[in-house]
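# Summary of structural features
Each chain, written out:
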Amino acid sequence: IVMTQTPLSLSVTPGQPASISCKSSQSLLHSDGKTYLYWYLQKPGQSPQLLIYEVSSRFSGVPDRFSGSGSGTDFTLKISRVEAEDVGVYYCMQGMYFWTFGQGTKVEIK
Amino acid sequence: EVQLVESGGGLIQPGGSLRLSCAASGFSVSSNYMSWVRQAPGRGLEWVSIIYSGGGTTYYADSVKGRFTISRDNSKNTLYLQMSSLRADDTAVYFCAKGVGPTSPDYWGQGTLVTVSS
């Protein structure tokens, strides 16, 4: 399964919204009714951290300015008001057939 | 608190072998789905291998199948990755990660760098 993210880079003014798109080459809707699409943030010099699981559920401790949406093959991560601590590379990942990651979207602050 | 600490990386010649370790605390490796994911310098993330909780069924990416072996020592609460026939394109930071299911990792270690070069 190929994951394609757009854009590959974003420069955002603090307090402004940001949106990242992720498309999968196959549907991520499993027969169990769950959709296995995840979002991770890799801050500079750190390991990835889970933000969103199963399309739209925020992981423990993740601020509510992060939200995920989508279905089937098209998904979106939105940050309602970008803060300085949100800089890094955002990856979408499919968990339907092992794991495949998108190319990453680098978010920086203007 | 969940902690994952990788070790064992370093510089190795092509064709050589290396064993990575991932010491876990705050949870049991035998009760979780444990994986290795790698990141080549300046590149994205690539899943390498997973070992299932309980019985320990294992799976590998095609790029490492037959060369890498994932295992765990429940008594030491440690995950391993035995790597052999190493190639230059295996150069990467190797992260271990845990998941409550096979569909995604929820916590990652800080990674250990493996450099394959003569």
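Shown above is the structure to which this text applies.
Here goes a summary of the coordinates provided. (Residues numbered from 1 in each chain as written. Chains lettered and ligands numbered in written order. Predicted model: local features only at pLDDT ≥ 70, side-chain atom pairs only at ≥ 80, totals over all residues. Heavy atoms only, no water.)

## Considering the pairing of strand β8 (residues 74–79) of chain A
Residues and elements named next belong to chain A. Selection criterion: Here's how the labels work: a residue is buried when its accessible area is under 20% of the maximum for its type, exposed when over 50%, partly exposed in between, all with a 1.4 Å probe on protein chains only. Each helix is a run of H or I in the DSSP string that is no shorter than four residues. Each strand is a run of E no shorter than two, and both are numbered from the N terminus. Strand pairing is assigned whenever DSSP detects at least two bridges linking the two strands.
Residues Phe75, Leu77 and Ile79 of β8 are buried on one face, while the alternating residues Asp74, Thr76 and Lys78, pointing to the opposite face, are not. With six bridges connecting them, strand β7 (residues 66–71) and β8 associate as antiparallel partners. Note on β8: the bridge partner recorded for Ser67 is Lys78. Linking two consecutive strands that pair antiparallel, namely β7 and β8, is a turn of two residues; a positive phi of about 65° is found at Gly72 within it.

## Overview of the interface of chain A and chain B
Applicable threshold: Whether two residues are in contact is decided by their heavy atoms, any of which lying within 4.5 Å being enough. Note on definitions: buried area is the accessible-area loss of two parts on being combined, 1.4 Å probe, summed for both. Whenever Lys or Arg places a side-chain nitrogen within 4 Å of a carboxyl oxygen from Asp or Glu, that contact is recorded as a salt bridge. Polar contacts here mean pairs of N or O atoms no more than 3.5 Å apart (in protein, one a potential hydrogen donor and the other a potential acceptor; neighbouring residues in sequence count only if both atoms are side-chain atoms).
Opposite the 16 residues of chain A that make contact, chain B presents 20 residues. Summing both partners gives a buried area of about 1600 Å² for chain A against chain B, and 65% of it is carried by carbon and sulfur. The largest share of the area that chain A buries against chain B comes from Phe98(A), Trp99(A) and Phe101(A), three residues that together contribute 43% of it. Where chain A meets chain B, there are zero salt bridges. Remark: the boundary between chain A and chain B carries eight residue pairs in polar contact (both at pLDDT 80 or more). Those elements that place two or more of their residues in the side of chain A that touches chain B are β4 (37–42) and β9 (88–94) of chain A. Here the element with the most residues in the side of chain A that touches chain B is β4(A); it accounts for three residues.

## A short note on the side chain of Asn32(B)
Residues and elements named next belong to chain B. Following the sequence through the fold, Asn32 ends up in the loop between β3 (18–25) and β4 (33–39). Within polar-contact distance, the side chain of Asn32 engages the backbone oxygen of Ser28 at 2.9 Å. Only 3.4 Å separates the side chain of Asn32 from the side chain of Lys98, close enough to count as a polar contact. Once you skip the residues sitting within four places of it in the chain, Asn32 turns out to touch Phe27, Ile51, Tyr52, Ser53, Lys98, Gly99 and Val100.

## Examining the pattern of salt bridges
All names here are of chain A. Using the criterion set out here, one finds 10 salt bridges over all chains in the structure. Put simply, Arg65 and Glu83 hold a salt bridge, and the shortest N to O gap is 3.5 Å. On the criterion of sequence distance, the pair formed by Arg65 in the loop between β6 (57–58) and β7 and Glu83 in the loop between β8 and β9 is long-range, its members being 18 residues apart. Overall, Arg65 belongs to the buried group, its relative accessible area being 7%. Residue Arg65 is joined to Glu85 by a salt bridge in which the shortest nitrogen-to-oxygen separation is 2.8 Å. In this pair, Arg65 sits in the loop between β6 and β7 while Glu85 sits in the loop between β8 and β9, placing the two residues 20 residues apart along the sequence.

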